[in-house]
Every structure is written in structure tokens, then in C-alpha cells.
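Each chain, letter by letter, is given below.
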Amino acid sequence: MSPVNISTNKLTIGYIDKVVQRDLTFDIHTGEVIALLGPNGSGKTTLLRTLAGLQPALSGSISPALDAHNMALVLTERLSLDNTSIHDVVAMGRYPYTSFLGGLTQEDEEVIRQSLVAVGLGIDGANRFFNALSDGDKQRVLIAKALAQQTDLILLDEPTAHLDLPNRIRIFGLLQQLAHNEHKMVLISTHELDLALATCDRVLLFGAAGSWIGPVEELKSAKAFDKAFQMDIFKWFRPQP
Ligand code: ADP
């Protein structure tokens with residue numbers, strides 16, 4: 001497996017009056033996609049927010065510390081960016097590098113162009129309004145914004161939540177390609193078990209009884225999954241022909 005780039009050590013996450021997951025010790029390797037799975041309320045968003053530095057860990061550590069220079073976060077909430085062009089949304093990814101007044105250099109413009117190309121949109125039509133796009137294209141623009149940040153790690157919180165099947169497949173395929181071909185690290189919180197099994201390399205699973213991490217191939221045999229969801233989920237999957 002490729003080198004470890006990010007490690008957590010006994011990371012306990014949650015809120016002042018509530019531990020959500022405790023003692024999380026795991027690594028993220030260059031070039032892999034990790035699916036973060038678990039029932040509602042098991043702590044997926046809390047982990048992403050903690051890794052991104054939006055809330056403090058209750059204890060434990062993340063090494064190296066993550067900030068906007070080495071981590072890009074793609075959140076789910078439906079952004080209302082009135083009168084903002086596709087170009088300007090992606091340009092927001094350059095903020096960690098631009099001057100206080102936010103002037104874009106030629107190099108910034110080139111990164112924006114490459115980011116839009118990478119998600120299959122391209123620079124043509126980048127002056128269209130973000131809000132006029134379909135949900136699938138909006139999600140691709142938000143991933144382009146994360147790419148424009150030029151970080152090795154991309155964290156995504158349920159990026160396919162509002163999408164139809166072709167767009168869900170496209171987004172998972174894109175994330176796999178970014179990890180495997182562009183050597184990004186991708187951690188994606190999702191409820192898409194089938195797509196996660198098909199495209200991700202490892203699973204980090206949260207349940208009421210704790211966490212489990214391992215290769216997708218081991219998920220089925222690991223009883224952790226049934227325990228986390230408190231049901232025999234694979235019973236509902238028809239065996240592959
Ligand atoms: P998931 O993303 O897996 O659905 P979350 O990380 O959103 O789970 O939430 C984990 C737990 O933390 C839930 O029980 C939720 O109610 C609780 N929680 C989320 N936000 C807060 C908050 N700001 N203060 C206290 N508890 C919270």
C-alpha cells in the first residue's frame with residue numbers, strides 16, 4: 001500500500017456533553033478512497049468537521065494538523081450562491097493562496113481551468129451562474145473548487161445526497177480517478193453502500209458500538225457492518241451472477 005500521509009491517534013470526537021466516537025486510530029494513504037459509512041447520528045459529519053479543524057477533538061491527535069493548505073472540505077448543504085458564476089465558485093478554492101484582496105494571478109486562473117477540466121466541465125460556460133446548474137453539475141463545481149485548493153486530502157460529506165443514479169456513479173467514478181490517477185487522498189461520508197463497495201478502497205465504519213476500518217473486500221465478512229446497522233444488510237443484496 002502507498003505511504004501513510006495522515007494518521008489519527010486515539011482521536012475522540014464529539015461535543016462538550018457527548019462523546020460521538022472514541023479512540024479512532026487510523027491512517028489515510030496516498031491514492032486511496034475511504035468510504036465513511038454508518039447510520040445517521042453515528043458521527044460521520046462530526047469526524048469530517050474535526051479533521052477539517054471546524055471543531056476541536058475531545059482528545060487524541062491528527063498528524064499532521066490539517067488546514068486549508070493541506071485539506072479541502074466539500075460540505076453537503078445546498079449552497080445558495082446567488083449571482084455567483086461557476087468560475088467564481090471555483091476561484092474560492094484559491095483563497096488560501098490569494099492576497100487579502102483576493103486578486104487572482106494567471107497561475108490561479110490556470111488552476112481554476114484545470115480543476116474545471118478535471119471534473120469534466122471545462123472553462124467554456126464558466127461564466128454561467130452556479131445556481132442555474134443541475135444538482136449534479138453543482139456538485140462537480142464544488143469538487144472543482146476543492147481541487148483548486150490543490151490539497152492532497154479531500155473530505156466530502158455525502159456529496160451524492162441529492163443526485164440521480166447516473167450522477168451518483170459519475171461522482172464516485174470521479175473521486176476514484178482523482179485518488180488512483182492524481183494520487184489524492186479522498187475520505188467520503190456516504191450512505192451509498194453499493195457504490196462505495198464498487199469504487200472505494202477501504203471503509204471506515206461507525207456504529208453505536210464503535211468503529212471498524214478495513215478493505216472493502218472484508219466488509220461483508222466482518223460482522224462489524226451488521227452490528228453497526230443492527231440488521232443483516234447483505235441479506236438484502238442479490239448475489240452477483
Ligand atoms: P452523522 O453525520 O453520522 O449523521 P453527526 O456527526 O451529524 O452524525 O452527529 C453525531 C451525533 O452528534 C448525533 O447524535 C448528533 O445529534 C450529535 N450532534 C451533532 N451536532 C451537534 C452539536 N452541535 N451539539 C451536540 N451534539 C451534536
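Nothing here was measured: the structure is a model prediction, and the numbers come from that model. (Residues numbered from 1 in each chain as written. Predicted model: local features only at pLDDT ≥ 70, side-chain atom pairs only at ≥ 80, totals over all residues. Heavy atoms only, no water.)

A. Here's a closer look at the site of the ligand. Within the structure, the ligand sits among Tyr15, Lys18, Val20, Pro39, Asn40, Gly41, Ser42, Gly43, Lys44, Thr45 and Thr46. Take Gly43: an N or O atom from its main chain is 3.0 Å from an oxygen atom of the ligand. Here an oxygen atom of the ligand and a side-chain polar atom of Lys44 are 2.8 Å apart. Against a free-state accessible area of 570 Å², the protein chains account for coverage of 60% of the ligand. Sorting the residues of the shell around the ligand by element identifies strand E2 (18–24) and helix H1 (44–51) as the ones contributing at least two each. Each residue belonging to the shell around the ligand can be placed in one class, and the counts come to three nonpolar, six polar and two charged. (Near = heavy atom within 4 Å. Polar contact = N/O pair within 3.5 Å; in protein donor to acceptor, adjacent residues only side chain to side chain. Areas by Shrake-Rupley, 256 points an atom, 1.4 Å probe, with all protein chains shown as cover. Helix = DSSP H or I, 4+ residues; strand = E, 2+ residues; numbered from the N terminus. Nonpolar A, V, L, I, M, F, W, Y, C, P; charged D, E, K, R; others polar.)

B. Spatial organisation of the pattern of salt bridges. Counted according to the given criterion, the structure contains five salt bridges. With its nearest N and O atoms 2.9 Å apart, the salt bridge here joins Asp137 to Arg140. With Asp137 and Arg140 both in helix H4 (residues 135–148), this residue pair falls three residues apart, about one helical turn. For Arg140, a relative accessible area of 16% corresponds to the buried category. With its nearest N and O atoms 2.9 Å apart, the salt bridge here joins Glu192 to Arg168. You can see Glu192 sitting in the loop between strand E8 (185–189) and helix H6 (193–199) and its partner Arg168 sitting in helix H5 (residues 165–180), a full 24 residues away along the chain. The class for Glu192 is buried, based on a relative accessible area of 12%. (Salt bridge = Lys/Arg side-chain N within 4 Å of Asp/Glu carboxyl O. Buried < 20%, exposed > 50% of the residue type's maximum accessible area, 1.4 Å probe, protein only.)

C. Structural detail: the packing of helix H3 (residues 106–118) against H4. Close contact between H3 and H4 brings their axes to 8 Å; oriented N to C, the two are set at 135°. Classed by the angle they form, the pair H3 and H4 counts as oblique. Crossing of H3 over H4 shows right-handed handedness. Taking contact as the criterion, the partners of Val111, Ser115, Leu116 and Ala118 in H3 are, on H4, Ala144, Leu147 and Ala148. Among the residues forming the contact of H3 with H4, the class breakdown is six nonpolar, one polar and no charged. (Axes fitted to C-alpha atoms, helices over the stretch in contact; angles between N-to-C directions. Parallel < 35°, antiparallel > 145°, perpendicular 65-115°, else oblique. Left-handed = near helix turned anticlockwise from the far one by under 90°. Contact = heavy atoms within 4.5 Å.)

D. Expanded view of the pairing of strand E7 (residues 153–157). Along E7, five of the five residues are buried, which leaves the element largely enclosed by surrounding structure. The alternating pattern of E7 places Leu153, Leu155 and Asp157 and Ile154 and Leu156 on opposite faces, both of which are buried. Where strand E6 (residues 71–74) lies against E7, four bridges are found, and the strand directions are parallel. Bridge assignment links Val74 to a residue of E7, and that residue is Leu156. Here five bridges tie E7 to E8, and the two strands are oriented parallel to one another. Bridge pairing links Leu155 to Leu187 in E8. Considered for its hand, the β-α-β crossover made up of E7, H5 and E8 is right-handed. (Pairing = 2+ DSSP bridges. Right-handed = clockwise from strand over helix to strand, strands pointing away.)

E. Quick look at the sheet that holds strand E9 (residues 202–207). Strand order in the open sheet formed by six strands is E6-E7-E8-E4-E9-E10, with mixed pairing between adjacent strands. If you trace the sheet from one side to the other, it starts and ends with E6 and strand E10 (210–215), each paired once. Going across the sheet, the axis of each strand differs from the next one's by a mean of 15°, ignoring polarity. Of the strands in this sheet, strand E4 (33–37), E7 and E8 are in contact with H5, which crosses E8 at around 155°.

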